[in-house]
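Chain by chain, the residues run as shown.
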Amino acid sequence: PPWGHLDTGRLHDRNGGHFQSLAAASATRKGCLIQNTGTHTLYIFFGATGSATTSNSFQVPPGGSMSCLSGVVVLQDNIAATTSTTSDPGILNLN
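About the cut-offs
- Residues numbered from 1 in each chain as written.
- Predicted model: local features only at pLDDT ≥ 70, side-chain atom pairs only at ≥ 80, totals over all residues.
- Heavy atoms only, no water.
- Buried < 20%, exposed > 50% of the residue type's maximum accessible area, 1.4 Å probe, protein only.
- Helix = DSSP H or I, 4+ residues; strand = E, 2+ residues; numbered from the N terminus.
- Pairing = 2+ DSSP bridges.
- Phe/Tyr/Trp six-rings, centres within 6.5 Å; stacked < 30°, edge-to-face > 60°.
- Core = buried A, V, L, I, M, F, W, Y, C linked by side-chain atoms within 4.5 Å.

### Notes on the pairing of strand β3 (residues 32-36)
So, step 1. With burial as the criterion, only one face of β3 is covered, namely that bearing Cys 32, Ile 34 and Asn 36; the residues Leu 33 and Gln 35 on the opposite face remain uncovered.
So, step 2. Taken together, the three bridges between β3 and strand β6 (residues 65-67) define a ladder with antiparallel strand orientation. Bridging from a neighbouring strand, Gln 35 pairs with Ser 65 of β6.

Below, the structure is given as structure tokens:
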């Protein structure tokens, strides 16, 4: 990537179907990549975790990925996620 790698973490929804914050809002975020390495859809929401629902979130299919870029703008909001199960992993790379 064009920026330095700062953080990598594996994602697990330990509650199954409940959004959890993956990364706090950060004005210094330069980008991120979220990969769904599981077998179920991963739901990603940018904003307050309490406002997240599956209907207002981005859907990342199994084997898919998404970034924090919206055009040339880096989304610096809180990042929340959920899946429908407790065992599907994913990977979050923050920059």
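### Let's talk about the packing of aromatic side chains
For any pair of aromatic rings, the description consists of the separation of the ring centres together with the inter-plane angle of the planes.
So, step 1. Overall, the coordinates contain one aromatic pair when judged by the stated rule.
So, step 2. The interplanar angle of 75° and the centroid separation of 6.0 Å between the aromatic rings of Phe 46 and Phe 58 together place this pair among those described as edge-to-face. With a gap of twelve residues between them, Phe 46 in strand β4 (residues 42-46) and Phe 58 in strand β5 (residues 58-60) connect regions that are remote in the sequence.

### As for the nonpolar core
So, step 1. Counting residues in hydrophobic clusters, the biggest one holds 14 residues, and the most contacted among them are Cys 32, Ile 34, Ile 44 and Ile 79.
So, step 2. Of all the elements in the fold, those that place two or more residues in this core are β3, β4, β9 (79-82) and β10 (89-94).
So, step 3. Considering each element in turn, this core owes the most residues, three residues, to β4.
So, step 4. Counting five residues, the second-largest nonpolar core is a separate cluster that includes Phe 19, Tyr 43, Phe 45 and Ala 52.

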